[in-house]
Amino acid sequence: MAEPDLIGSGPKTSLDHVLTLKKGVYLTLGSDTLIVKDRDLAKRNRSRFCGVAISKLPAEITIPYYNILWASVSDEQITIDYAADKSKKHLQCEKLQYSLTEAPTTIAQTWAEKLLSHAYGQAQPQRRAKVLINPHAGPGGAVRIWEHHVKPIFDAARMTQDVVKTTHGGQGIEICETLDIDAYDIVVICSGDGLAYEAFNGFGKRTDARTALQKIAVAHIPCGSGNALSCNLNGSYYPGPSALAVVKGIRTSVDLMSLTQGSQRLLSFLSQSVGIIAECDLGTENMRWLGAKRFEVGIAQRIFSKKVYPCDISVKVELENKDQIKAHYKRIHTAEEDGQKEGGESTAETSLATNESKPDTGDGLPPLRFGTVNDKVPDDWQTTSYDKMGNFYCGNMAWMAPDANFFSAACMNDGLMDVVINDGDIPALKYLDLMTSVETGKFFDNSLVSYRKVVAYRFTPRDQVDGYISIDGERVPFEPFQVEVHPGLGTVISKRGRYEASGPPNWEKSV
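What you see is a predicted model; the values in this text were computed from it and never measured.

1. Things to note about the overall build of the protein
- When helices and strands are tallied, the protein shows 12 helices and 27 strands.
- Taking all 511 residues of the protein together, 57% fall into the buried category.
- Across the protein, the fraction of contacts at a sequence separation of at least 24, relative to all contacts at a separation of at least 6, is 76%.
- Total accessible area computed for the protein in this model is approximately 21200 Å², and 49% of it derives from carbon and sulfur atoms.

2. Focus on the sheet that holds strand S9 (residues 77-85)
- Read across the open sheet, the 3 strands follow the order S8-S9-S10; overall the sheet is antiparallel. The outermost strands of the open sheet, each flanked by one partner alone, are strand S8 (68-74) and strand S10 (91-99). Recorded for the sheet is a direction-independent mean angle of 15° between the axes of neighbouring strands.
- In the packing of helix H2 (residues 105-120) onto the sheet, contacts are made with S8 and S9, and the angle to S8 comes to roughly 165°.
- Strands in contact with helix H3 (residues 142-156) are S8, S9 and S10; relative to S10, the strand with the most contacts, it is inclined by about 30°.

3. Some remarks on helix H4 (residues 171-178)
- All of the buried residues in H4 are Gln171, Gly172, Ile173, Ile175 and Cys176.
- Check the buried side of H4 and you find it contacts strand S11 (128-133), strand S12 (160-165) and helix H5 (193-204).

4. Remarks on the nonpolar core
- By size, the foremost hydrophobic cluster in this structure holds 91 residues, and its most contacted members are Phe203, Phe269, Phe392, Phe406, Tyr457 and Phe459.
- Membership of the second largest hydrophobic core comes to 58 residues, among which are Tyr65, Ile78, Ala219 and Ile221.

5. Re the confidence of the model for the protein
- For the protein, per-residue confidence averages 88 on the pLDDT scale, and 86% of positions sit at 70 or higher.
- Scored below 50 in pLDDT, residues 5-13 makes 24 contacts in the model with residues more than four places away or belonging to other chains.
- When the criterion is pLDDT under 50, residues 347-357 qualifies, and its contacts beyond four places in sequence or with other chains add up to 32 contacts.

6. A look at the packing of aromatic side chains
- A full pass over the atoms with the stated rule returns 15 aromatic pairs.
- Consider the rings of Phe392 and Phe459, whose centres lie 5.2 Å apart with planes at 50°: the pair is tilted. Residue Phe392 is located in strand S20 (residues 389-395), and its partner Phe459 is located in strand S24 (residues 450-461); the two are separated by 67 residues in the primary sequence. A single burial state applies to Phe392 and to Phe459, both of which are buried.
- Taken together, the ring pairs connect Phe392, Tyr457, Phe459 and Phe481 into an aromatic cluster.
- One residue, Lys248, lies across the ring of Tyr120, its end atom 4.9 Å from the ring centre.
- Across the ring face of Phe444, the terminal group of Lys322 is positioned such that the distance to the ring centre comes to 5.7 Å.

7. What to know about the pairing of strand S27 (residues 481-494)
- Counting buried residues along S27, 14 of its 14 residues qualify, which places the element largely inside the surrounding structure.
- Of the strand pairs in this sheet, strand S15 (residues 250-261) and S27 are connected by 10 bridges, and their pairing is antiparallel. Along S27, the bridge assignment pairs Leu256 with His486.
- Pairing between S24 and S27: 4 bridges, direction antiparallel. Considered in S27, the bridge of Phe459 is made with Phe481.

8. Notes on unusual backbone geometry
- For Gln126, which is not glycine, the phi dihedral falls at a positive 50°.
- The exposure class assigned to Gln126 is partly exposed, which follows from its relative accessible area of 40%.
- One non-glycine residue, Asp472, lies in positive phi territory at about 55°.
- In this fold, Asp472 is placed in the loop between strand S25 (469-471) and strand S26 (474-476).
- In this structure Asp472 comes out as buried when scored by relative accessible area, which is 2%.

9. Let's talk about the environment of Thr166
- Note on placement: Thr166 falls in the loop between S12 and H4.
- Residue classification places Thr166 among the buried residues on the basis of a relative accessible area of 7%.
- Ignoring sequence-local partners within four residues, the contact set of Thr166 consists of Ile133, Asn134, Pro135, Gln171 and Leu195.

10. A few points about the packing of H4 against H5
- Viewed as axis vectors pointing N to C, H4 and H5 meet at an angle of 35°, and their least axial separation amounts to 7 Å. Note that H4 runs across H5; the crossing there is right-handed. Contacts between H4 and H5 involve Gln171, Gly172, Ile173, Cys176 and Glu177 on the former and, on the latter, Leu195, Glu198, Ala199, Asn201, Gly202 and Phe203.
- Among the residues making up the contact of H4 with H5, the classes are represented as 5 nonpolar, 4 polar and 2 charged.

11. Brief notes about the pattern of salt bridges
- Scanning the entire structure with this criterion turns up 21 salt bridges.
- Between Asp81 and Arg158 there is a salt bridge whose closest N-O contact spans 3.3 Å. Remark: Arg158 occurs in the loop between H3 and S12 and Asp81 occurs in strand S9; sequence separation between them is 77 residues.
- A salt bridge links Asp182 to Lys215; its shortest N-O distance comes to 2.3 Å. Highlighted residues: Asp182 in the loop between H4 and strand S13 (186-191) and Lys215 in helix H6 (residues 209-215), separated in sequence by 33 residues.
- What makes Lys215 partly exposed here is its relative accessible area of 35%.

12. Focus on H3
- Taking 1.5 Å of rise per residue, 15 residues should cover 21 Å, and H3 covers 20 Å from first to last C-alpha, within 8% of that figure.
- The sharpest bend along H3 measures roughly 45° and falls at Val150, with the proline Pro152 sitting one to four residues further on.
- Here H3 has its buried residues at Ala142, Ile145, Trp146, Val150, Ile153, Phe154 and Ala156.
- Just downstream of H3, Arg158 is the residue with a positive phi angle, here 60°.

13. Digging into the packing of H3 against helix H8 (residues 239-248)
- Across the interface, H3 lies against H8 with an axial gap of 9 Å and an inter-helix angle of 30°. Overall, the two elements H3 and H8 adopt an arrangement that is roughly parallel. Relative to H8, H3 is oriented so that their crossing is right-handed. Contacts from Ile145, His149, Val150, Ile153 and Phe154 in H3 reach Pro239, Gly240, Ala243, Leu244, Val246 and Val247 in H8.
- Residue composition of the contact of H3 with H8, by class: 9 nonpolar, 2 polar and no charged.

About the cut-offs
- Per chain, the residues get numbers from 1 upward, laid out in the order the sequence is written.
- With the structure being a predicted model, the display of local features is reserved for residues of pLDDT at least 70 and the display and counting of side-chain atom pairs for 80 or more, all residues being used for whole-chain, interface and lining totals.
- Processing note: side-chain calculations cover all non-hydrogen atoms of the structure and skip hydrogens and water entirely.
- Only DSSP runs of H or I covering at least 4 residues are called helices, and only runs of E covering at least 2 are called strands; the numbering of each starts at the N terminus.
- When a residue's accessible area, from a 1.4 Å probe over protein chains only, is under 20% of the maximum for its type it is buried; when over 50% it is exposed; and in between it is partly exposed.
- A contact between two residues is defined here by any heavy atoms of the two lying within 4.5 Å.
- Computed with a 1.4 Å probe, the accessible areas rest on the Shrake-Rupley method; for each residue, only the protein chains presented here act as cover.
- One requirement defines pairing of two strands: DSSP has to find at least two bridges between them.
- For helices, the axis comes from a line fit to the C-alpha atoms of the stretch in contact; other axes are also lines fit to C-alpha atoms, and the angle between any two N-to-C directions lies between 0 and 180 degrees.
- We define a nonpolar core as any set of buried Ala, Val, Leu, Ile, Met, Phe, Trp, Tyr and Cys residues linked to one another through side-chain atoms lying within 4.5 Å.
- Confidence of the predictor in every single residue is expressed as pLDDT, which spans 0 to 100.
- Any two rings among Phe, Tyr and Trp, with Trp reduced to its six-membered ring, count as a pair given centres within 6.5 Å; such a pair is stacked if its planes are under 30 degrees apart, edge-to-face if over 60, and tilted if neither.
- Definition used: whenever NZ (Lys) or CZ (Arg) falls within 6 Å of the ring centre and also within 35 degrees of the ring normal, the charge is taken to sit over that ring.
- Crossings are sorted by hand: turned counterclockwise from the far helix by less than a right angle, the near helix makes the crossing left-handed, and turned clockwise it makes it right-handed.
- Residue polarity follows a fixed list, in which Ala, Val, Leu, Ile, Met, Phe, Trp, Tyr, Cys and Pro are nonpolar, Asp, Glu, Lys and Arg are charged, and the others, Gly among them, are polar.
- Here a salt bridge means any side-chain nitrogen of Lys or Arg lying within 4 Å of a carboxyl oxygen belonging to Asp or Glu.
- To estimate the expected span of a helix, count its residues, drop one, and scale the result by 1.5 Å.
- Bend is the name given here to the angle between axes fitted to two runs of seven residues, the run ending at a residue and the run starting at it.
- Should an angle fall under 35 degrees it is taken as roughly parallel, and over 145 as roughly antiparallel, whereas 65 to 115 is taken as roughly perpendicular and any remaining angle as oblique.

Take a look at the structure:
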């Protein structure tokens, strides 16, 4: 995907796919691009160096359907809005406008409708969006990001937008708890992952929680430090490409997790962590100005301390062999590619082992299958005492931050959570190598890492008065907690109906 591609000739197409506008100007619906034959436009799109054209004048340009935002016919004129890729980070809204001097209006209108059908495919055009902007997210600048990089794309796509700039923590919960779910299609989060956490929990507090979580899709524009949700759903941590992914993405079911602690129940969409990762997240709040780099600084500071976190962990394990996990990922990934329902909505029908817990209609959240943290640990769970645990990390998505694919085998709706554990008394250089292997894609296969897929677990801290427990990047009390997964309970907008991560190493070769 790039700026309009300059080519010499387009594909052969039937005449009803060609709109003749005036002498020498034709718009053609190709297989996956709009082909524009316009010598004047081609001149403007030639490659230049210091203002001087350096490429041969092409006969045509092409615009990927993915980049087409809208097409309309009015006042004997056809207008096509599209997003031009100026760089990996930046998109710019541009227009094609032509008078209908040669084409009857009715024919142009029919052609424009065909173009929109190609452009949106399984995506819903003109979504109605509730937009939540956190002006103080991450390094700041969310309002500027919205106004300069996101709103122009949404406007060009003719999306309806109801915008709220949050003023205090927890406002996302308040808004989503009382939101008119018949008035909107999506909630767009312009913030880091914290406001997404609030949105899911706001829906979870409703008396019609299951209905709200299924009906309203959550979308993410990256404006924070980690931006994990955008990395996984949009395949980008840049606002412009993410805005386009929200416009063109499809509704997709996603697993959510229930966490019980004390007397409260929370929803988690991303992760839970205790140990070095939690400390690097919550213990570096004073470095938010560094953006995602604050996590790297935090890890480097803590590795050499060799701090350990004694605990008892009980788990309901589904898969504990890494080869089995790769084979499972292959099966789910194939189903995600081939099993989308007609209309473009990816569902939880390919979940692995927990059919009894799939979402249904009803009031409130689904019942807890394994009780709460205050109940007896089920007899079929595995319980292990760790005296030197260095990192406990449970994830529901692959990317936890840009360049931090901790859970490469994570799937959107397989009904399983991915759990990694490593000791804390590893020699400093080996520990550093372990953490940096996340960026190189070698973390999954590292022998120092235990990687399992589970349906539920309980974490009980020991021999430590206070510390950090991170739930989706939010701090909760340093007390025992229990988590279980709900397959396909939530709904999101994803670029392709699956996570954008590449999977564990060599998963394609699994049998």
